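Commentary on secondary and tertiary structure
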Amino acid sequence: VLVLNTSPVQATQSPKSLGIEWCIENIFPIFFNSKLTSENKIATFTEHIAVQIASVLNQHQIQNVLVTGGGAYNHYLIECINSKTNSELVIPERSIIEYKEALIFALMGLLRIENRVNVFSSVTGAHKNHSSGVIIG
């Protein structure tokens, strides 16, 4: 069994990420030096992701979670998260999963045109809330 210790990234306040940069720095070295099968490595990391997500949901007592992105199609990941939280995971219809990012960027563009805040420091780690983007033409 691989042991994935809670890294300083997970111990810090938001914003934080299980994004590719964190994986390259923290997970890939463990995987490259492990003799476990690929299947066991993937199962271990999926379990780690589920623990991290469930921890946040439980800590903040979040009732309902709209799951989108590629993870929404990962039935094993969803089962792992479900087993660790009482939050209800809602998997929307495919069009929402597939086009959520486009819709969000359209909303961010509209907010930029209206010179309203579209980047929150609490989410991105920016120094302050601001309206980001360039209007051309």
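Conventions adopted
Residues numbered from 1 in each chain as written. Predicted model: local features only at pLDDT ≥ 70, side-chain atom pairs only at ≥ 80, totals over all residues. Heavy atoms only, no water. Helix = DSSP H or I, 4+ residues; strand = E, 2+ residues; numbered from the N terminus. Contact = heavy atoms within 4.5 Å. Areas by Shrake-Rupley, 256 points an atom, 1.4 Å probe, with all protein chains shown as cover. Buried < 20%, exposed > 50% of the residue type's maximum accessible area, 1.4 Å probe, protein only. Polar contact = N/O pair within 3.5 Å; in protein donor to acceptor, adjacent residues only side chain to side chain. Core = buried A, V, L, I, M, F, W, Y, C linked by side-chain atoms within 4.5 Å. Salt bridge = Lys/Arg side-chain N within 4 Å of Asp/Glu carboxyl O.

Some details on the overall build of the protein chain
- In terms of regular secondary structure, the protein chain is built from six helices and two strands.
- Secondary structure elements in the protein chain, listed N-terminal to C-terminal, are α-α-α-β-α-β-α-α.
- Sequence-distant contacts in the protein chain: of pairs separated by 6 or more residues, those separated by 24 or more amount to 51%.
- When the accessible area of the protein chain is evaluated, it comes to approximately 9800 Å², of which 57% is carbon and sulfur surface.

Structural notes on the side chain of Thr68
- Secondary-structure assignment places Thr68 in the loop between strand S1 (64-66) and helix H4 (75-82).
- By relative accessible area, which is 17% here, Thr68 ends up buried.
- Among the polar contacts listed, one links the side chain of Thr68 to the side chain of Lys100, at a separation of 2.6 Å.
- Leave out the neighbours within four places in its chain, and Thr68 touches Pro92, Ile96, Ile97 and Lys100.

Describing the nonpolar core
- In this structure, Ile27, Phe45, Val67, Ile81 and Leu89 are the most contacted members of the largest nonpolar core, which totals 17 residues.
- Elements supplying a minimum of two residues to this core: helix H2 (20-32), helix H3 (38-59) and H4.
- When sequence neighbours within four positions are dropped, the list of residues in contact with Val67 reads Ala72, Ile78, Leu89, Val90, Ile91, Pro92 and Ile97.

Points about the environment of Ile49
- As for its placement among the helices and strands, Ile49 is situated in helix H3.
- Owing to a relative accessible area of 19%, Ile49 belongs among the buried residues under this scheme.
- Taking the C-alpha atoms as reference points, Ile49 and Cys80, 31 residues apart in sequence, are found 8.9 Å from one another.

A closer look at the pattern of salt bridges
- Inspection of the entire model under this criterion finds two salt bridges.
- Two residues, Lys84 and Glu47, come together in a salt bridge whose shortest N-O distance is 2.7 Å. Here Lys84 is found in the loop between H4 and strand S2 (88-90), whereas its partner Glu47 is found in helix H3, with 37 residues between them in sequence.
- Overall, the relative accessible area of 26% leaves Lys84 in the partly exposed class.
- Residue Glu47 is classed as partly exposed on the basis of its relative accessible area of 29%.
- A salt bridge links Glu114 to Arg116, with the shortest nitrogen-to-oxygen separation between them at 3.0 Å.
- Given the relative accessible area of 41%, Glu114 is considered partly exposed.
- When its relative accessible area of 47% is taken as the criterion, Arg116 is described as partly exposed.

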